[in-house]
Amino acid sequence: MLRRSLNRLLGGDERRVDNRTIYIGHQSFPVNEAFIPPKFCDNRIVSSKYTVWNFLPKNLFEQFRRIANFYFLIIFLVQVIVDTPTSPVTSGLPLFFVITVTAIKQGYEDWLRHKADREVNKSTVKVLENGEETSKESEKIKVGDIVEVTENDTFPCDLILLQSSRDDGTCFVTTASLDGESNHKTHYTVPDIERDLQSLSATIECEQPQPDLYKFNGRMHIYKNDQEPTVRSLGPENLLLKGATLKNTQKICGVAVYTGMETKMALNYQGKSQKRSVVEKSINAFLLVYLCILVSKALVCTTLKYVWQNKPGQDEPWYNEKTQKEKDTNLYLKMFTDFLSFMVLFNFIIPVSMYVTVEMQKFLGSFFITWDKDFFDPEIQEGALVNTSDLNEELGQVEYIFTDKTGTLTQNNMEFIECCIDGFQYKHRGACSELDGFCVTDGPVNKLQQKAGREREELFLRALCLCHTVQVKESTEQARSQGEDCIDQVDGLPVEDEALQPPQEERGFIASSPDEIALVKGAMRYGFTFLGLESKTMKILNRNKDVEMYELLHVLNFDPVRRRMSVIVRSRSGDTLLFCKGADSSIFPRVRQEEVERIRMHVERNATDGYRTLCVAYKHLSEEEYAQADEGLREARLALQDREEKLMAVYNQVETGMNLLGATAVEDRLQEEAAETMEALQGAGMKVWVLTGDKMETAKSTCYACGLFQKRTELLELTVRTLEDGGRKREDRLHELLSEYHKKAVQDAPPVKAGGSRGRFFGKQDYGFIIDGPSLSIVLSSSSESNSNLYKNLFLQICQNCTAVLCCRMAPLQKAQIVKMVKNCKGSPITLSIGDGANDVSMILEAHVGIGIKGKEGRQAVRNSDYAIPKLKHLKKLLLAHGHLYYVRIAHLVQYFFYKNLCFILPQFLYQFFCGYSQQPLYDAAYLTMYNICFTSMPILAYSLFEQHICIEFLLKNANLYSEVAKNAMLRWELFLYWTLLGVFHGLVFFFGVRFLFGNPALQDNGQVFGNWSYGTIVFTVLVFTVTLKLALDTRHWTWINHFVIWGSLAFYVFFSFFWGGIIWPFQKHQRLYFVFANMLSSVSAWLVIILLILLSLLPEILLVVLRKPRGPYARKLSEDDLLQSSRLQPSHHCPIST
Amino acid sequence: MMASSYKDEDGHISVSGTGAGAGSLPSKKPENTAFKQQRLPAWQPVLTAGTVLPAFFIIGLIFIPIGIGLYVTSNNIKEFEIDYTGLDPSSPCFNCSQNFSWNSTKPCTCSIPFYLEQPYESNVFMYYGLSNFYQNHRRYVKSRDDSQLNGNEESLRKPSKECEPYARHDNRPIAPCGAIANSMFNDTLELFYSDPNGTKTQIPLTATGIAWWTDKHVKFRNPGGNNDNLTAAFQGTTKPINWRRPAYELDSDPENNGFINEDFIVWMRTAALPTFRKLYRIIQRRNTMVPTLPRGNYTLEVVYNYPVRSFDGRKRMIFSTISWMGGKNPFLGIAYITVGSVCFLLGVILLFIHHKYDNRNNNPDISSN
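Please read these numbers as outputs of a predicted model, since none were measured by experiment.

Asks: I would appreciate a short explanation of the overall build of chain A in the present structure.
Replies: Across its full length, chain A carries 38 helices and 33 strands. Counting across all 1139 residues of chain A, residues that qualify as buried make up 59%. For chain A, the computed accessible surface area is about 45,100 Å², with 57% contributed by carbon and sulfur atoms.

Written out as structure tokens, the structure is:
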């Protein structure tokens, strides 16, 4: 961490310089400039926490930073140093155990990290040095090294692509492990670089490292013999990111620009910090309360002791003299040691065993997630995976769900559904025949049988074939002789066939966006096949099986602001054509209006069906027009300053006055049961936010498809588009929009019922909020501090009042930012992130609970997640059933533990008033130690593992039950107070009940008397039975294990007491309990008082159980009755009632 | 930390925490067992008014008679108490209490006459009671050496440190060591019955059977095993400072001498509360025809050895008969009656509420909510 922050700091320093200059291949260059080799960090990745040397001190330090561990350490030390009523072993042993186990666990994890680091750092990489290829360890790569990467290897650092084995100077890359996009992306070499990299003499000037994956600005100066240096601009298309994988290209050479911890990947990943659950926070809070109780008890006792001793004859009566040492001790020191002794005597109120039990519960409990066969996915042959068991109960507390879209909500599997040409609908029949029928009877405009004019139709299909950045994928063997093979292969296929042959599917295409592939494949169905791009010539096989050739002049790339892309091609006949496809909203204003209406209906219908729609338009460019555009484009591309803005201006200028051809509809298929899952989650009172790196339209349609947005949902949009609408400064507009939305969604809206299912009743307006990455960064980093806070607040308030929020075009770090913002907002709600790609890692790490989907996109998300499930649909059971149950279990566990130790120690405290405040323990040392370890630990552990206060099926069916435990409902202070009072009540009953009995200690029928150990044993017996039976009363789900453990512990207690008192223990100094227990049982009075006190203690509890029922919510009662009846009537094996 | 982010994509390394055990068999389908699927057959009790109400009545019905029984039993137990501390100048023991000195060789005696209004029919148990005597003080409770008392020779010579400052005296180990033993109650109480015709007869007091059987026979043992010569066994040790006689001279009966002297054992069982009683003697019933202690005048002869004035203590002598529940203690009876009645009352109230609620429940107007 330090290292990273140091790097950041240094980076900050460097940033003032603004640029870094890199000498390719470390060559000095002809121009005489002072050559100062700049210092860059090496390519080593450090993610481990400890080294062999600092492990012990650092780990111990970290462990004792935990309030509980530190407390136990102090107690232990006090016991060692001061003469205390109990032996140091009682607290030392458990502490040692806990510390050792934790240290071993953490050491093992760090060892794994070391191993992983080593694997990355020591992997060999080919580096070109002085004209020779040498192998180097990855960690030794320096900035400026020329690195060679072969196919299917990952890039060891951020590289500028200099050379590719492909003829056209491109290479394909998949960034699945970076941003989650599994498709192949095309990257370009810097133009005009000689084939021989040895003789290359160039420098690269580029910006300092920054985490944005999609931004890179740089410039390369190429020095050729005595010529003016040529300047080439560098953009993100030239940058190969560490972590991405080279695909479909034999090898590339690149120069390292960012290395090690400065790579964009490293900057994008945050440290995996220790996550703590709300329950743990509650435990700590309760712990503090009990610590206060403990200290005040000790203080009270110490004070009273000295008050009491002031009376003559009390401190040192003749029968009980002090030793010389005691007499000599300084009064204040004695007071202090007395205080410490009391602390030690009462320290059992905060037991080490609670931490052990909680850990055990979490560890063992998490197995039920991995064992759940409902989480098993036959496709990948895997079930759920639990990476951390610390957060089980947090699954029951989730308020906000942040979900990735691609691969999580959707399958990331595009399919061409239909298209519309000139208002005539074309539907692929094979795909969905039933829908077809529906369509026929549907719209009046729908003229399925009629066709648009053949010319238009073909133009449309050509547009689909040309307007994209798709590559035809060659298999590796064919790589050398791409062209012909490709054609051959396609030639051999029955192109007219509507149903595609499997081999052809496999051959496939490579594109930066899966819907482009879908479109190209769609065009193929209608007879136009894209054959490939070869040295700027695009080949199309048309319906007549003729190959058409088009020269690709320019690609006007897609960007989220324009939301369209265009290509400019020149056909054989010499016509220059511009084809453009894009979102309806960005196309319609740029085409002739008379064509719009016919298409608009289709587009809107498709959009509400959840399809991704694109409109296609074209334009003839005259010679002058083209020349003008060409010049503009070239100029803008070379600009180093404001390149994007300039390009945009030219694009906008070119893409005007087009003719609308038609529209397409592509479906991104949702995950199984995505809509049901979302509904259930929302029904459980959770707010679902979709955070995606994808385009807004796509994301929006997915939101519609999975029911997050409804037809009636009013969308509040805060995107670059809406921000630029007014043509004013973005920030002003932002302010305006935020206030407007705030008024709409927050002020005018009726107060939302807390935790209720989403207000679907009519009359109430649903709002959906959409924001994109750039707008978010304006919101978050506004120029002035006050504004920024205001915007943040407005933004959050709006979002909280919306049923669903969609954040699109998010960089990984921005996703984390959003999560962080929500996490830290008022009430600090519990957040959950779910995603499958590496781009979700940062948000998975940031959220309270991170869930990884075991999708197709690598294992990054799974590895960084806290829980991993195969499919989105499993989230429902994970949260509604497992999470709910875990929460209830552990909440009860915590409350019960505090309770049982309070009523354990309270009699001990009260006894001090009767023993001259002398720290005399009421219970025998064995009982003191065993109480938490043996007598009362197992029943609560069994409870916390097996309790199902409501059975799983019912929990799944009634999502709203989830909101009943929301906001840490079972660990609220009221309830804590109730348990504490119960503990106090029990403690008082135990102690004073026996106290009154001992008014006459002659309790046996032979007149013999009981002493102080009998007193303690009677109290202890009542205590153990009451505490165990109290748990039995709370148990709603008695499996045989519960029976075994509850009755077993009681039996064990009795057995142990007999055993412990039945022998003169050879190595024991005292035989205090010798036959105490047996004698106690021989006394009828003792029996009677034990029974009486147990009953009296449990009476209020039973009473409350009876009285509570009618007061509960009526619906709840009814539902429970239902449940009971149904389970009684048809004893399914899920919640059967044993007879 | 970042570790996992940098691993190769295949990810065969899984940095997983505690839950890793399950990750080891990733491709295996979870077993469909009731236990693993959390579907163990279970009894699901629901406490409702219907199930609890009868319980309340039953508890009430059981507890009240027990309580009455206990109360009556306790009331039937006869108890007679004499405070012989001698703080009051009019008290016969006033002189003894005032002139107490550890060094006096002549024991101070006082006799207290009293009149028993009721005859004591069965065995009478004679207790001594002390007040404001903190036998449960920590320093006091631990000041003993159980292994010495168990007859361990080594501990006899080297008493445990716990016994300080009563471990050694005059460079010789104290036997029995410790504060408890040192402060053993050493008043001698004798009881005389004054016949109506004036003769004073001593009532025989049994000194055995007052300690727990296990204590006397197992926990406490004289050093030297079965050696009859106790004096020899205690050779080299010294008596506790405050004792007038060494341990081997506590009683003439060898079965009740030394560490297994029952008075000593009783004293060594530290009391729970600062006001306590300990069994001193038992007056056995000799003759079924004659009450153990007939009504009449008695005299309690006290050899006043035990000082309590220094710590504001009190000394009492108590006669008590014993029932199956032990000594006189009205608490249990009252508690049982109270709890029983409360249960019964709650039962009635709950029945009332339940009845009313049921009516409401059946009311169709409510269910439309």
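Asks: Honestly, the interface of chain B and chain A in this entry has me stumped. Any pointers?
Replies: Contacts between the two partners involve 118 residues from chain B and, on the opposite side, 142 residues from chain A. Here chain B packs against chain A, burying approximately 11,600 Å² in sum over the two surfaces, 61% of which is carbon and sulfur. Here E326(A) makes a salt bridge to R139(B), at a shortest N to O gap of 3.9 Å. Along the contact surface separating chain B from chain A lie 33 residue pairs in polar contact (both at pLDDT 80 or more). Within the residue set of the side of chain B that touches chain A, elements represented by two or more residues are helix 1 (20-23), helix 2 (49-76), strand 3 (124-131), helix 4 (138-141), helix 8 (213-219), strand 8 (276-283) and helix 11 (330-362) of chain B. Among the elements that take part in the side of chain B that touches chain A, helix 11 of chain B stands out by supplying 12 residues, more than any other. Residues of the side of chain B that touches chain A, tallied by class, amount to 61 nonpolar, 34 polar and 23 charged.

Asks: Explain the pairing of strand 10 (residues 314-320) of chain B here, please?
Replies: Within a regular beta strand, the side chains point alternately toward one face of the sheet and then the other, so they alternate between its two faces. All names here are of chain B. Of all seven residues in strand 10, six are buried, a share of seventy percent or more. Relative to strand 10, strand 1 (residues 79-83) runs antiparallel, the two being bridged by five bridges. The residue bridging E79 from the neighbouring strand is S320, located in strand 10. By the bridge criterion, seven bridges tie strand 3 to strand 10 in an arrangement that is antiparallel.

Asks: What am I meant to see in the packing of aromatic side chains here?
Replies: For any pair of aromatic rings, geometry is given as the distance between the ring centres together with the angle between the planes. Applying the stated rule across the entire model yields 99 aromatic pairs over all chains. With a centroid separation of 5.5 Å and an interplanar angle of 90°, the aromatic rings of Y319(A) and Y140(B) are classed as edge-to-face. Of the two residues, Y319(A) sits in the loop between helix 6 (278-310) and helix 7 (324-328) while Y140(B) sits in helix 4, which places them in two different chains. Judged by relative accessible area, which is 0%, Y140(B) ranks as buried. A centroid spacing of 5.8 Å and a plane angle of 80° characterise the contact between Y128(B) and Y280(B), whose relative ring orientation is edge-to-face.

Asks: So what exactly am I meant to see when it comes to the sheet that holds strand 9 (residues 218-222) of chain A here?
Replies: Residue and element names in this part refer to chain A. The antiparallel open sheet is built from four strands, whose spatial order is 1-8-9-10. The sheet is open, and its two borders are formed by strand 1 (19-23) and strand 10 (230-234), each paired with just one other strand. Strand after strand, the sheet turns through a mean of 20° between neighbouring axes, direction not considered. In this sheet, strand 10 lies alongside strand 9 in antiparallel orientation, the contact comprising five bridges.

Asks: I'm lost on the domain arrangement of chain B in this one. Help?
Replies: Size of an interface, as often reported, equals the accessible area lost when the parts are brought together. Residues and elements named next belong to chain B. Segmenting chain B into domains produces domain 1 (50-77 + 326-357) and domain 2 (79-322). Summarising the inter-unit geometry, the C-alpha centres of domain 1 and domain 2 are found 41 Å apart. Interface area, domain 1 with domain 2, both sides summed: about 340 Å², of which 55% is carbon and sulfur. Summed over the shared surface of domain 1 and domain 2, the number is zero salt bridges.

What counts, and at which threshold
- Residues numbered from 1 in each chain as written.
- Chains lettered and ligands numbered in written order.
- Predicted model: local features only at pLDDT ≥ 70, side-chain atom pairs only at ≥ 80, totals over all residues.
- Heavy atoms only, no water.
- Helix = DSSP H or I, 4+ residues; strand = E, 2+ residues; numbered from the N terminus.
- Buried < 20%, exposed > 50% of the residue type's maximum accessible area, 1.4 Å probe, protein only.
- Areas by Shrake-Rupley, 256 points an atom, 1.4 Å probe, with all protein chains shown as cover.
- Contact = heavy atoms within 4.5 Å.
- Buried area = accessible area lost by both parts, 1.4 Å probe.
- Salt bridge = Lys/Arg side-chain N within 4 Å of Asp/Glu carboxyl O.
- Polar contact = N/O pair within 3.5 Å; in protein donor to acceptor, adjacent residues only side chain to side chain.
- Nonpolar A, V, L, I, M, F, W, Y, C, P; charged D, E, K, R; others polar.
- Pairing = 2+ DSSP bridges.
- Phe/Tyr/Trp six-rings, centres within 6.5 Å; stacked < 30°, edge-to-face > 60°.
- Axes fitted to C-alpha atoms, helices over the stretch in contact; angles between N-to-C directions.
- Domains from an automatic or database assignment.

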